[in-house]
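Below, each chain spelled out in residue letters.
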Amino acid sequence: MKICATTLGETAGDLLSMTLNIGYTVSSLILFTAFVVLLLIQLSSKKYHPALYWAVILATSTAGTTMSDFMDRTLGLAI
């Protein structure tokens, strides 16, 4: 599942930023917002929902990868 999350993170970030040509800044904002919404839903849930749990994991990977690309490619903060 972690491999899927990492692959999806890279693919979704590239889809928004490069294929749809909206840039890493807007892509990061969109995916970070989706992550926060899913996280808040997960935290407010009274029961365990596997699909919601994994959606948060996937959103974490997707938002994190895109923000990393933003810092590297847009801000030039690569090491």
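For the structure itself, consult the block above.
Since we're looking at a predicted model, the values are computed, not measured. (Residues numbered from 1 in each chain as written. Predicted model: local features only at pLDDT ≥ 70, side-chain atom pairs only at ≥ 80, totals over all residues. Heavy atoms only, no water.)

1. Concerning the overall build of the protein chain
And then number 1: When you go through the protein chain residue by residue, the secondary structure sums to three helices and zero strands.
And then number 2: By principal-axis analysis of the C-alpha atoms, the protein chain measures approximately 40 × 25 × 25 Å.
And then number 3: In the protein chain, buried positions account for 27% of the 79 residues.
And then number 4: Put simply, 59% of the contacts in the protein chain that link residues at least 6 apart link residues at least 24 apart.
And then number 5: Carbon and sulfur atoms make up 73% of the accessible area of the protein chain, which totals about 5,300 Å².
And then number 6: Of the charged side chains in the protein chain, 4 are positive and 4 negative, and the gap between their average positions amounts to 21 Å. (Helix = DSSP H or I, 4+ residues; strand = E, 2+ residues; numbered from the N terminus. Buried < 20%, exposed > 50% of the residue type's maximum accessible area, 1.4 Å probe, protein only. Contact = heavy atoms within 4.5 Å. Areas by Shrake-Rupley, 256 points an atom, 1.4 Å probe, with all protein chains shown as cover. Lys, Arg positive; Asp, Glu negative; His and termini not counted. Charge placed at Lys NZ, Arg CZ, Asp CG, Glu CD.)

2. Regarding a nonpolar patch on the surface
And then number 1: A surface patch of nonpolar side chains, about 400 Å² in accessible area, is lined by Leu15, Leu20, Ile22, Val26 and Ile30.
And then number 2: Relative to the elements of secondary structure, Val26 occurs in helix α2 (residues 23-44).
And then number 3: Taking the relative accessible area as the measure of exposure, Val26 reaches 38% and is therefore partly exposed. (Patch = residues over 30% accessible without salt bridge, like charges linked within 9 Å, V, L, I, M, F, W, Y side chains within 5 Å. Salt bridge = Lys/Arg side-chain N within 4 Å of Asp/Glu carboxyl O.)

3. Considerations on helix α1 (residues 2-19)
And then number 1: Here α1 spans 24 Å end to end across 18 residues, near enough to the 26 Å set by a 1.5 Å rise per residue.
And then number 2: Of all the residues in α1, the buried ones are Ala5, Gly9, Ala12, Gly13, Leu16 and Ser17. Summarising the axial view, the buried residues of α1 lie within an arc of 110°, below the 170-degree limit, and thus occupy one face. With respect to the buried face of α1, the exposed residues turned more than 90 degrees away are Ile3, Met18 and Thr19.
And then number 3: Buried residues along α1 sit against α2 and α3 (50-74).
And then number 4: Positioned one or two residues after α1, Asn21 has a phi angle of 55°, which is positive. (Expected span 1.5 Å × (residues − 1). Arc of directions from axis to C-beta.)

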